[in-house]
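# Fold and contact review
Listed below are the residues making up each chain.
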Amino acid sequence: MAQVEVESKPSRHSLPDATGHFGPYGGMYVPETLVTPLFELAEAYREAWEDPAFHRELDLQLKTYAGRPTELYFAERLTRHLGGARVYFKREDLLHTGAHKINNALGQALLAKRMGKKRIIAETGAGQHGIATASVCAKLGLECIIYMGAVDMERQALNVYRMRLSGAEVRGVDAGQKTLKEAINEAIRDWVTHVRSTHYVLGSALGAHPYPMMVRNFHKVIGEETRLQIMEAEGRLPDEMVACIGGGSNAIGFFFDFLDDPGVRLTGVEAGGYGIAPGKHAARFEGGKLGVLQGCKTFILQNPDGQIDVTHSVSAGLDYAAIGPEHAYYRDRKRIDFAYATDEETLEAFRMCARMEGIIPALESAHALACVAKRAPRLPSDSVIVVNLSGRGDKDVQEAARLMDAVEQAR
Ligand SMILES: *Cc1c(COP(=O)(O)O)cnc(C)c1O
């Protein structure tokens with residue numbers, strides 16, 4: 001019998017371990033009633049992921065419904081404007097419903113259908129994940145309930161309407177700050193009660209195992225496409241890849257295929273908000289500490305008593321107190337670098353991208369662009385940066401206009 005080779009260090013494919021840990025991070029910190037369902041989900045997922053028929057269906061829907069592959073675009077004028085590295089955009093903004101989130105929503109909804117679960121629940125902050133989930137549920141004929149903070153519902157009334165138009169029931173959550181964190185609590189509560197009939201489509205690379213792994217794998221197509229496309233365009237791998245990080249799903253999907261290429265620098269950009277002070281930002285690696293939130297152990301913005309801090313970002317998609325556990329792991333190993341962009345730098349980058357390229361990025365993605373705007377000029381002109389344009393900015397133009405007016409008036 002052939003001997004099994006023992007690996008000297010964990011490979012990116014062997015993580016997380018069977019209990020969902022990435023080193024000290026991740027895991028399954030949930031009420032006891034959810035432990036068995038989570039292991040069942042992990043098993044159903046593993047079985048689906050190994051089934052070529054599941055991939056055939058997923059690939060077909062990613063192509064015909066979501067719009068994959070997305071283009072890799074050379075930002076020629078922006079490159080000239082910044083005067084350094086050649087800048088490429090991975091165009092996740094061109095996907096159906098406007099962001100990368102559809103990759104995961106589609107994958108999980110197909111998995112739920114395979115598991116015989118006809119009722120879908122999800123949480124949403126600004127509404128992007130809610131819209132992706134509601135759309136996919138309409139398409140697959142699944143019942144859909146979206147939990148959303150009452151404050152967010154008011155701020156994002158149009159997105160609430162879009163979800164309802166696709167047949168979803170949007171349930172307002174009145175607890176606490178009435179935003180994303182409370183919506184997740186409510187979704188978890190629903191799931192505990194209805195776990196036999198219901199699948200919870202979690203929206204980022206967060207939460208209890210198997211979610212961080214599953215969500216990452218539904219998004220890793222972003223990086224796999226990027227590798228082929230940059231080889232075609234430049235004949236080599238990029239020097240640096242940059243993505244914004246809320247929970248971390250677009251970033252880990254973009255980076256995953258490059259973790260074993262030490263020549264490619266990977267940079268995640270968090271939300272610096274008004275600047276790094278308690279309550280003013282959402283940069284977990286700047287002001288956060290190790291803790292447990294909503295199922296997983298990771299870096300969290302919290303006060304000395306462990307109460308979760310209020311967070312702030314100009315972009316709702318990055319405005320969350322915890323970061324995905326896999327990012328914490330690769331930060332320790334110095335494989336992924338982290339930076340942050342303030343609201344002000346982000347608005348500047350938002351405007352720059354629209355002016356130079358005629359592409360309005362999501363404010364989340366504009367955080368990554370703000371980092372590129374600092375980095376590219378310092379690099380030689382034969383170097384290559386790829387930035388993940390995680391979403392489009394149609395949803396943000398009203399807010400950007402309001403903020404830019406306020407800046408003008410203050411001058
Ligand atoms: C939700 C969202 C994000 C943040 O989520 P991640 O899980 O960190 O990717 C980033 N960009 C856009 C456009 C989003 O909608």
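Residues numbered from 1 in each chain as written. Predicted model: local features only at pLDDT ≥ 70, side-chain atom pairs only at ≥ 80, totals over all residues. Heavy atoms only, no water.

## Observations concerning the packing of helix H4 (residues 101-114) against helix H9 (residues 211-219)
- In the contact formed by H4 and H9, the axes pass within 8 Å of each other and the chain directions differ by 115°. Judged by the twist between their axes, the crossing of H4 over H9 is right-handed. Contact with H4, carried on its side by Lys101, Asn103, Asn104, Gly107, Gln108 and Leu111, involves Tyr211, Met214, Val215, Phe218 and His219 of H9 and no other residues of that element.
- Looking at side-chain class alone, the contact of H4 with H9 contains five nonpolar, five polar and one charged residues. (Axes fitted to C-alpha atoms, helices over the stretch in contact; angles between N-to-C directions. Helix = DSSP H or I, 4+ residues; strand = E, 2+ residues; numbered from the N terminus. Left-handed = near helix turned anticlockwise from the far one by under 90°. Contact = heavy atoms within 4.5 Å. Nonpolar A, V, L, I, M, F, W, Y, C, P; charged D, E, K, R; others polar.)

## Let's talk about the side chain of Lys101
- Mapped onto the elements, Lys101 comes out in helix H4.
- Although buried, Lys101 forms no salt bridge, and the nearest oppositely charged side chain, Glu364, lies 6.0 Å from it.
- Apart from residues lying up to four places away in sequence, Lys101 is in contact with Gln128, His129, Ala132, Gly203 and His219. (Buried < 20%, exposed > 50% of the residue type's maximum accessible area, 1.4 Å probe, protein only. Lys, Arg positive; Asp, Glu negative; His and termini not counted. Salt bridge = Lys/Arg side-chain N within 4 Å of Asp/Glu carboxyl O.)

## Some details on helix H15 (residues 363-375)
- Along its 13 residues, H15 runs 19 Å from first to last C-alpha, staying within 8% of the 18 Å computed at 1.5 Å per residue.
- Of all 13 residues in H15, eleven are buried; the element is thus mostly enclosed.
- Residues Leu363, Glu364, Ser365, Ala366, His367, Ala368, Leu369, Ala370, Cys371, Val372 and Arg375 constitute the buried set of H15. (Expected span 1.5 Å × (residues − 1).)

## Side note on the domain arrangement of the protein
- The domains assigned to the protein are domain 1 (21-64 + 101-215) and domain 2 (67-98 + 220-410).
- Placing the centre of domain 1 and that of domain 2 at their C-alpha centroids yields a distance of 23 Å.
- With both chains or domains summed, domain 1 and domain 2 bury close to 2,800 Å², and 64% of this area falls on carbon and sulfur atoms.
- When the buried surface of domain 1 facing domain 2 is broken down by residue, Tyr25, Tyr29 and Leu206 rank first, second and third, together holding 23% of it.
- Inspection of the region where domain 1 meets domain 2 yields zero salt bridges.
- Remark: the boundary between domain 1 and domain 2 carries eleven residue pairs in polar contact (both at pLDDT 80 or more).
- Only strand S2 (25-29), helix H2 (52-66), H4, helix H5 (128-140), helix H8 (180-194) and H9 provide two or more residues apiece to the side of domain 1 that touches domain 2.
- Of the residues contributing to the side of domain 1 that touches domain 2, the split by class is 20 nonpolar, eleven polar and two charged. (Domains from an automatic or database assignment. Buried area = accessible area lost by both parts, 1.4 Å probe. Polar contact = N/O pair within 3.5 Å; in protein donor to acceptor, adjacent residues only side chain to side chain.)

## Structural notes on the state of the cysteines
- Using the criterion set out here, one finds zero disulfides in the structure.
- The cysteine Cys296 is free of any disulfide, with Cys244 supplying the nearest cysteine sulfur at 18 Å.
- Cys353 takes part in no disulfide bond, and the closest cysteine sulfur, belonging to Cys244, lies 13 Å away.
- Looking at Cys353, the relative accessible area reads 0%, which means it is buried. (Disulfide = S-S within 2.5 Å.)

## Side note on the site of the ligand
- Lining the immediate environment of the ligand, one finds 18 residues, of which Lys101, Ser204, Gly246, Ser249 and Ser390 sit closest.
- One of the backbone nitrogen or oxygen atoms of Gly246 is found 2.7 Å away from an oxygen atom of the ligand.
- Measuring from an oxygen atom of the ligand, one finds a backbone N or O atom of Gly248 at 2.8 Å. (Near = heavy atom within 4 Å.)

## Considerations on the nonpolar core
- Ranked by size, the top nonpolar core spans 60 residues in total, and within it Met163, Trp191, Tyr200 and Tyr211 carry the most contacts.
- Looking at this core, the element that brings in the most residues is H4, giving seven residues.
- Domain assignment of the residues forming this core places at least three in each of domain 1 (21-64 + 101-215) and domain 2 (67-98 + 220-410).
- The contact partners of Tyr211, leaving out residues within four places of it in the chain, are Leu38, Leu41, Gln108, Trp191, His199, Tyr200, Leu202, Leu206 and Arg216.
- Counting 28 residues, the second-largest nonpolar core is a separate cluster that includes Ile222, Phe258, Phe285 and Phe338. (Core = buried A, V, L, I, M, F, W, Y, C linked by side-chain atoms within 4.5 Å.)

## Quick look at unusual backbone geometry
- Following Leu15, the chain continues into Pro16 via a peptide bond in cis, with omega recorded as 0°.
- Geometrically, the link from Arg68 to Pro69 is a cis peptide bond, its omega value of -5° lying close to zero.
- With respect to the element layout, Pro69 can be found in the loop between H2 and strand S3 (72-74).
- Located in the positive-phi region is Thr97, a residue other than glycine, with phi close to 70°.

## Focus on the packing of aromatic side chains
- All chains considered together, the criterion is met by 13 aromatic pairs.
- Aromatic pair Trp49 and Phe218: ring centres 5.7 Å apart, planes at 80°, arrangement edge-to-face. With a gap of 169 residues between them, Trp49 in helix H1 (residues 32-49) and Phe218 in helix H9 connect regions that are remote in the sequence.
- Residue classification places Trp49 among the partly exposed positions, given a relative accessible area of 24%.
- Ring geometry for Phe74 and Tyr88: centres 5.2 Å apart, planes at 40°, overall tilted. Residue Phe74 is located in strand S3, and its partner Tyr88 is located in strand S4 (residues 86-91); the two are separated by 14 residues in the primary sequence.
- Among the aromatic residues, ring-to-ring pairing joins Tyr25, Phe285, Phe299 and Phe338 into one connected group.
- Sitting above the plane of the Phe74 ring, Arg86 keeps its charged end 4.5 Å from the centroid.
- One residue, Arg91, lies across the ring of Tyr73, its end atom 5.9 Å from the ring centre. (Phe/Tyr/Trp six-rings, centres within 6.5 Å; stacked < 30°, edge-to-face > 60°. Lys NZ or Arg CZ within 6 Å of the ring centre and 35° of its normal.)

## Observations regarding the pattern of salt bridges
- Here the structure, examined in full by the defined rule, presents 32 salt bridges.
- The partner of Arg114 in a salt bridge is Glu47, and the shortest N-O contact between them spans 3.5 Å. Highlighted residues: Arg114 in helix H4 and Glu47 in helix H1, separated in sequence by 67 residues.
- A salt bridge links Glu399 to Arg402; the nearest nitrogen and oxygen atoms lie 3.0 Å apart. In this pair, Glu399 and Arg402 are both assigned in helix H16 (residues 397-410), three residues apart and thus about one turn of the helix distant.

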